[in-house]
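# An overview of the molecular structure
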Amino acid sequence: MDEPKAAKQKKTWHKKVIIFLGALFVLGVISLVAIAVVQNKPLPKNIKYGIVLDAGSSHTSVYIYEWPAEKENDTGVVQQINECKVEGNGISSYGHEPLKAGLSLQKCMNKARQVIPEKQQRETPVYLGATAGMRLLRLTNATMAEEVLSSVENTLRSFPFDFQGARIITGQEEGAYGWITINYLLGNFIQDSGWFKYIPNFKPTETSGALDLGGASTQITFESKREIESQENSLHFRLYGKSYDIYTHSFLCYGKDQALRLQIANSIKDATDSILLDPCFNSGYRRNASTNDLYSSPCISKLRIPTAPSTLDIRGTGNYQLCKRNVQAIFNRTHCTYSHCSFNGVFQPSLDGTFGAFSAYYFVMNFLNLTNEQMSLDKVKETVERHCSRPWDEVKKDFPKIKEKYLSEYCFSGTYILNLLEYGYGFSSENWNDIRFLGKIKDSDAGWTLGYMLNLTNMIPAELPYSPPLSHAGYTGLMVFFSILLVCIILTCWLSFRKPKCLHKGII
Ligand SMILES: Nc1ccn([C@@H]2O[C@H](COP(=O)(O)OP(=O)(O)OP(=O)(O)O)[C@@H](O)[C@H]2O)c(=O)n1
Ligand SMILES: [Ca+2]
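What you are looking at is a predicted structure, and each value in this text was computed from that prediction instead of being measured. All residue numbers refer to position in the chain's written sequence, counted from 1. Lettering for chains starts from A, numbering for ligands starts from 1, and both go in the order in which the items are written. Local features in a predicted model are, by the rule used here, given only for residues with pLDDT of at least 70; side-chain atom pairs are given and counted only at 80 or more, and totals for whole chains, interfaces and linings are based on all residues. Excluded from the side-chain calculations are hydrogens and water; all other atoms, namely the structure's heavy atoms, are used.

## A word on a nonpolar patch on the surface
A cluster of nonpolar side chains, Leu478, Phe481, Phe482, Leu485 and Ile489, forms an exposed patch at the surface whose accessible area comes to about 470 Å². Only runs of H or I of at least four residues qualify as helices and only runs of E of at least two qualify as strands under DSSP, and these elements are numbered from the N terminus. Here isoleucine 489 lies in helix α17 (residues 472–497). Here the term patch refers to residues with relative accessible area over 30% and no salt bridge, with like charges joined within 9 Å and nonpolar side chains (Val, Leu, Ile, Met, Phe, Trp, Tyr) within 5 Å. Shrake-Rupley sampling with a 1.4 Å probe provides the accessible areas, and residues are treated as covered by the protein chains on show and by no other component. Put simply, a salt bridge is a Lys or Arg side-chain nitrogen that is within 4 Å of an Asp or Glu carboxyl oxygen.

## Some words on the nonpolar core
One broad trend across soluble globular proteins is that nonpolar side chains are buried collectively. Throughout, nonpolar core names a set of buried Ala, Val, Leu, Ile, Met, Phe, Trp, Tyr and Cys residues whose side chains join them through atoms within 4.5 Å. The rule is simple: take the accessible area with a 1.4 Å probe, protein chains only, and divide by the maximum for that residue type; under 20% is buried, over 50% is exposed, in between is partly exposed. One finds Leu211, Tyr361, Tyr416, Leu421 and Tyr425 to be the most contacted residues of the largest nonpolar core, which totals 69 residues. Per-element tally for this core: the top contributor is helix α15 (residues 410–424), with eight residues. The contact definition used throughout considers only heavy atoms, calling two residues in contact when any of these lie within 4.5 Å. Not counting residues within four places of it along the chain, the set of residues in contact with leucine 211 comprises Gln219, Ile220, Phe355, Gly356, Ala357, Phe358, Tyr361, Leu421, Tyr425, Phe427 and Ile435. Counting residues in each nonpolar core, the second largest holds 34 residues, with Tyr177, Ile182, Tyr240 and Tyr452 among its members.

## Observations regarding the pattern of salt bridges
For the structure shown, the criterion picks out 22 salt bridges. Notably, a salt bridge pairs aspartate 313 with arginine 315, separated by 2.8 Å at the nearest N-O pair. The structure contains a network of salt bridges with shared partners spanning Lys256, Asp257, Arg287, Lys405 and Glu409.

## Considerations on the UniProt feature "active site" (unreviewed entry) in the protein chain
Under the feature "active site" (unreviewed entry), the UniProt entry names Glu174. Here glutamate 174 lies in helix α7 (residues 171–185). Among residues more than four places away in sequence, those in contact with glutamate 174 are Thr131, Arg135, Ile169, Asp212, Ser217, Gln219 and Trp448. UniProt positions are given in the numbering used here, feature names are shortened, and annotations may be inferred rather than shown by experiment.

## Considerations on the sheet that holds strand β14 (residues 435–437)
Criterion used throughout: strands pair if DSSP finds at least two bridges between them. Read across the open sheet, the six strands follow the order β8-β9-β7-β6-β13-β14; overall the sheet is mixed. A strand with exactly one partner marks an edge of an open sheet, and here the two such strands are β8 (234–239) and β14. On average, each strand axis in the sheet is inclined to that of its neighbour by 20°, with strand direction left out of account. In the sheet, strand β6 (residues 209–213) pairs with strand β7 (residues 217–223) via four bridges, with the strands oriented antiparallel. Each residue of the ladder has a partner; that of leucine 211, found in β7, is isoleucine 220. Note on geometry: axes are lines fitted to C-alpha atoms, helical ones only across the stretch in contact, with angles between N-to-C directions running from 0 to 180 degrees. Where helix α5 (residues 132–140) meets the sheet, it contacts β7 and β9 (242–252), and its direction lies at approximately 55° from that of β9.

## As for empty space enclosed by the protein
Cavity: a set of points on a 1 Å grid over the protein atoms alone where a 1.4 Å probe fits but cannot get out. Pocket: an open set with protein on both sides within 12 Å along at least five of seven lines, its lining residues, like those of a cavity, having an atom within 4 Å of a point. Grid points are joined across faces, edges and corners, and a volume is the space filled by probe spheres set on the points. Under the defined criterion, the tally for this structure stands at one cavity of 30 Å³ or more. Of the pockets and cavities examined, the largest cavity occupies roughly 40 Å³. Around the largest cavity, the lining residues are Leu370, Thr371, Asn372, Glu373, Met375, Trp432, Asn433, Ile435 and Phe437. Any residue that is not Ala, Val, Leu, Ile, Met, Phe, Trp, Tyr, Cys, Pro, Asp, Glu, Lys or Arg is counted as polar, Gly included; the first ten are nonpolar and the last four charged. Here the lining of the largest cavity is built from residues that sort into five nonpolar, three polar and one charged.

## Looking at the site of ligand 1
When we say a residue is near a molecule or strand, we mean one of its heavy atoms is within 4 Å of it. Lining the immediate environment of ligand 1, one finds 20 residues, of which Ser57, Ser58, Thr131, Ala216 and Asp257 sit closest. Here a polar contact means two N or O atoms within 3.5 Å. Within protein one must be a hydrogen donor candidate and the other an acceptor candidate, and residues neighboring in sequence count only if both atoms are side-chain atoms. At a separation of 2.6 Å, an oxygen atom of ligand 1 approaches a polar side-chain atom of threonine 131. The backbone of serine 217 places a nitrogen or oxygen atom 3.1 Å from an oxygen atom of ligand 1. Calculation on ligand 1 without its partners gives an accessible area of 620 Å², and the protein chains cover 89% of this total. Mapped onto the shell around ligand 1, the elements with two or more residues apiece are α8 (256–268), α11 (360–367) and α14 (404–408). In the shell around ligand 1, the residues fall into seven nonpolar, nine polar and four charged.

## Section: the environment of valine 364
Checked against the element boundaries, valine 364 lands in helix α11. Linking valine 364 and aspartate 378, residues 14 residues apart in sequence, is a C-alpha distance of 17 Å. Leave out the neighbours within four places in its chain, and valine 364 touches Lys256, Tyr410, Ser413, Gly414 and Ile417.

Next comes the structure, spelled out in structure tokens:
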């Protein structure tokens, strides 16, 4: 049967409308996807750089950091891209020839010129922070310390970077910046952003305490829920919209090199001749030490014995138990005017949370294979004791590539670390596994330098920068999804309520 002409025309007209609407719909979806793709195309990378020189007591390191300019205030975006270890000893060893302090930095600064693109060098800030070695030099001879600082300043000014200053940082700053560095790198400041904070019972990330063991000083820093009874140990930070009450203390003279000197100087009391039997060195190990040099440190001056021989012939006996006794003698735990002390009358609240231990803590524990998080305190002690009892010849044969200065001191260092943590700070077998020995975190060295730069470049905001709850990609994705959904619903509704005649039974 032939269709009437009018109905045929209507059918063609409806068909055209549907085709037109379908095409419009497809075009709409394509446009939305295209917008999403174009909008999410990564912007050309605009990288910024920063240089920090860590002028420590035993050596200087030059660190180069980079970060994407547009994400400056986000957490965890700054990363270390290079470390250059300056040859020779720390800058404080150049007290008598200050010009050489500046010269010693040349090589590593030239390296920095190769790493940082030329057109960005002028805007790259350079900071030098000197720590305990320079604090001690300043105590012995303030003029020498000034001369060393101006020598390094002159060198740094001669490079095409934006020199921002060379200074001796305080022990408090050293502790605080170490704490900021590790918590920034561990991502512990991210917690309160995004949707997570709306989840019931959501627990914000806790911060990790920081334990730094240098050559001349050692720092302990952690967030404390208890009252901090002494003003000089208390810090208050507001970072990313959250307040932190921090306990920190820096023990000058309790870095591992000065602690070894203290231990040796204490033993001289019993020395009748120039031979000094030292249980903290492996048996068979010998070294000569000048008492003049030993007593030159302000850490030891009170222990000076005028009748002491000018040169000491130190001979290792490798006895952990005796070494432990000698090491404990350098911690004074007899007086405390607060509710709780660590040692030498210094206030310390009880230990809270987990800790990241770096610098010499890591070097030593890594050498002794003791960085495993599951290892018990007893097992650690056993390992150090075993290492101390090994003859020096054997140790040297097993580790021919390790510098003799480091290798010869691992028995002392292991014993010292155990005593500092247990006897000094009060760690025990119960909370031993709360300590993580860290060298690097995501390719950046754990240490105070990164925190120092973040602070001086104002890269850590006090308040949380406004960030929409969804990322841009998430937002665009959802937009596309809901637009498609909406179009589908409208089409379905239209088809079911205003069913075009062409869809009526019998027509199609
Ligand atoms: N592979 C290594 C490297 C270093 N050390 C020792 O570790 C100690 C601390 O080194 P470091 O953290 O670099 O101390 P500094 O920063 O130089 O000292 P400070 O922070 O006290 O100024 C030094 O005694 C150094 O001899 C070590 O035993 N093994
Ligand atoms: Ca250091």
